[in-house]
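# Examination of the molecular architecture
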Amino acid sequence: MHDQMLNRDTPGLAGRFSGWAARIRSAGVSRGLVITLGTLLCLLVFIVTVTPRRYSLSLGMVPNQTIAAHRDVVDEVTTQEHRDAAARGVTPVYHFRDGVTEQVLEQLSAVYEQMSAARQYARSLPDFGTTRAYSPEEFTRAREIVSLIPLQDFQLTTLMNARDEQFEQMFADLTPALRNAMQGNVTQGQEALAINGIMQVAGFRTGVSLLQNVVLPTLKAVVRPNMVVNEEATEVAREAARHAVEPVVYKQGQNIVVRGEGRIQENQLA
């Protein structure tokens with residue numbers, strides 16, 4: 001019975017296979033297969049073409065192959081370095097600040113009062129003389145009196161042991177020299193130039209010890225710039241300098257690295 005069923009179904013199966021074979025052999029199906037295979041092949045070629053080539057590179061290594069730009073590409077690292085350098089090269093924009101001269105002279109007057117008080121304290125101590133040495137406690141008290149200027153022990157000794165005429169002459173010369181300097185331009189960041197000029201004038205009749213140990217720390221504490229940086233205007237000028245820098249570009253076909261030449265830099269790697 002089983003053999004009868006197989007015999008009965010065999011012609012049907014053969015007919016189906018025969019129909020499929022006929023369809024495959026038909027022109028329409030053949031064209032479809034060709035189009036499908038052609039499309040897949042074109043897609044594969046496209047993917048291979050557009051996929052970037054990968055390189056095994058690291059900073060500082062000697063290039064093991066020559067690599068050229070496949071299109072114009074901006075060297076962002078070098079361009080940024082050039083722009084930063086241009087911004088740093090911009091001269092700051094300054095503006096004059098009113099009232100600074102008056103503030104500086106008032107500060108100097110306050111310093112004079114404190115130094116005079118410290119000298120009076122020294123003269124109230126036993127065995128005072130122009131060569132007297134002071135104890136740590138006495139230095140601490142003198143430092144509390146002269147609170148506007150940080151003075152070390154040897155500087156306090158010079159101040160307190162100076163003769164009255166030396167001390168008064170020092171301030172008599174220092175005050176007008178400081179006033180004249182402040183009536184000019186004292187530029188922010190260049191206060192040392194003004195201080196050196198004042199020292200030369202004040203030092204004409206002031207001893208070296210007083211000049212270095214008292215006048216110099218006094219000027220460092222009281223001198224302020226009257227020409228200060230206009231941060232907003234300066235930043236505008238820096239931005240303009242940055243934008244004025246042309247990008248550094250590797251042109252299409254130009255070598256970025258050459259095999260065996262030099263070591264790979266950050267900009268080349270980027």
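Residues numbered from 1 in each chain as written. Predicted model: local features only at pLDDT ≥ 70, side-chain atom pairs only at ≥ 80, totals over all residues. Heavy atoms only, no water.

### Digging into the confidence of the model for the protein
Keep this limit in mind: Every residue is assigned a pLDDT by the predictor, reflecting its confidence on a scale from 0 to 100. We count a stretch as a helix when DSSP gives it H or I for four or more residues in a row; a strand needs E for two or more, and each element gets its number in order from the N terminus. Any pair of residues with heavy atoms lying within 4.5 Å of one another is described as a contacting pair.
On average, residues of the protein carry a pLDDT of 85, and 83% of them reach 70 or more. Looking over the protein, one finds the lowest element-wise mean pLDDT in helix α1 (residues 2-25), namely 51, and the highest in helix α5 (residues 136-145), namely 97. Per-residue pLDDT stays below 50 along residues 1-10; that stretch engages in zero contacts with residues further than four places along the chain or on separate chains.

### So, the environment of Gly-253
On the secondary structure map, Gly-253 appears in the loop between β5 (249-250) and β6 (255-257). Note: C-alpha distance between Gly-253 and His-70 (183 residues apart in sequence) is 6.0 Å. Every residue in contact with Gly-253, bar those within four places of it in the chain, is listed here: Ala-68 and Ala-69.

### Looking at the packing of helix α7 (residues 164-183) against helix α8 (residues 191-202)
What counts here: In this description, a line fitted to the C-alpha atoms serves as the axis of each element, helices being fitted only across the stretch in contact, and the angle between N-to-C directions of two axes falls anywhere from 0 to 180 degrees. Each helix crossing is assigned a hand: it is left-handed if the near helix lies turned anticlockwise from the far helix by less than a right angle, otherwise right-handed if that turn is clockwise. Residues are grouped as follows: Ala, Val, Leu, Ile, Met, Phe, Trp, Tyr, Cys and Pro are nonpolar; Asp, Glu, Lys and Arg are charged; all remaining types, including Gly, are polar.
Where α7 meets α8, the axes come as close as 9 Å, and the angle between the chain directions of the two elements is 145°. Pair α7 / α8 crosses with right-handed handedness. Listed contacts from α8 to Asp-173, Leu-174, Ala-177, Leu-178 and Ala-181 of α7 are Ile-198, Val-201 and Ala-202. A class-by-class count of the residues in the contact of α7 with α8 yields seven nonpolar, no polar and one charged.

### Digging into the nonpolar core
As a reminder, the rule being used: In these notes, a set of buried Ala, Val, Leu, Ile, Met, Phe, Trp, Tyr and Cys residues joined through side-chain atoms within 4.5 Å is what counts as a nonpolar core. Accessibility here uses a 1.4 Å probe with only protein chains present; expressed as a share of the type maximum, an area under 20% marks a residue as buried, one over 50% as exposed, and anything in between as partly exposed.
Core analysis: the largest hydrophobic core is formed by 40 residues, its most contacted members being Met-115, Leu-174, Leu-178, Leu-219 and Val-223. When contributions to this core are tallied by element, the ones reaching two or more residues are α4 (100-123), α5, α6 (153-161), α7, α8 and α9 (208-222). Looking at this core, the element that brings in the most residues is α4, giving eight residues. Once residues lying within four places of it in the same chain are set aside, the contact partners of Leu-178 are Val-104, Leu-105, Leu-108, Ile-198, Leu-219, Val-222 and Val-223. Of all hydrophobic cores here, the second largest spans six residues; its members include Tyr-250, Ile-256, Val-257 and Ile-264.

### Some remarks on the pattern of salt bridges
Defined as follows: Here a salt bridge means any side-chain nitrogen of Lys or Arg lying within 4 Å of a carboxyl oxygen belonging to Asp or Glu.
Overall, the coordinates contain 11 salt bridges when judged by the stated rule. Here Arg-242 ties to Glu-239 by a salt bridge, and the two come within 2.5 Å at their closest N and O atoms. One end of the pair is Arg-242 and the other is Glu-239, both in helix α10 (residues 231-244) and three residues apart, which spans about a single turn.

### Considerations on the packing of aromatic side chains
Cut-off, in case you're wondering: For Phe, Tyr and Trp, where Trp contributes only its six-membered ring, two rings pair if their centres lie within 6.5 Å, and the inter-plane angle classes them as stacked under 30 degrees, edge-to-face over 60, or tilted in between.
Under the defined criterion, the tally for this structure stands at four aromatic pairs. With 4.9 Å between their ring centres and 70° between their planes, Tyr-112 and Phe-171 make a pair best called edge-to-face. Placement of Tyr-112 in helix α4 and of Phe-171 in helix α7 is noted, with a sequence separation of 59 residues between them. Residue Tyr-112 is classed as partly exposed on the basis of its relative accessible area of 23%.

### Focus on α5
Condition: Taken from the helix axis, the directions to the C-beta atoms give the arc we talk about.
Regarding α5, the residues found buried are Glu-138, Phe-139, Ala-142 and Ile-145. Projected down its long axis, α5 carries its buried residues within an arc of 115°, all on one side. Projecting away from the buried face of α5 at angles above 90 degrees are the exposed residues Pro-136 and Glu-137. Lining the buried residues of α5 we find α4 and α6.

### Digging into the side chain of Gln-155
Here Gln-155 is to be found in helix α6. When near neighbours in sequence (up to four residues on either side) are disregarded, Gln-155 contacts Pro-150, Asn-213, Val-214 and Pro-217.

### Describing the environment of Arg-205
How we decide: In protein, a polar contact requires one atom able to donate a hydrogen and another able to accept it; more generally it is a pair of N or O atoms within 3.5 Å, and residues adjacent in sequence count only if both atoms are side-chain atoms.
Here Arg-205 is to be found in the loop between α8 and α9. Taking the C-alpha atoms as reference points, Arg-205 and Asp-173, separated by 32 residues in sequence, lie 7.9 Å from one another. If we skip the residues at most four places from it in the chain, Arg-205 touches Gln-169 and Asp-173. Polar side-chain contacts of Arg-205 include one of 2.7 Å to the side chain of Asp-173.

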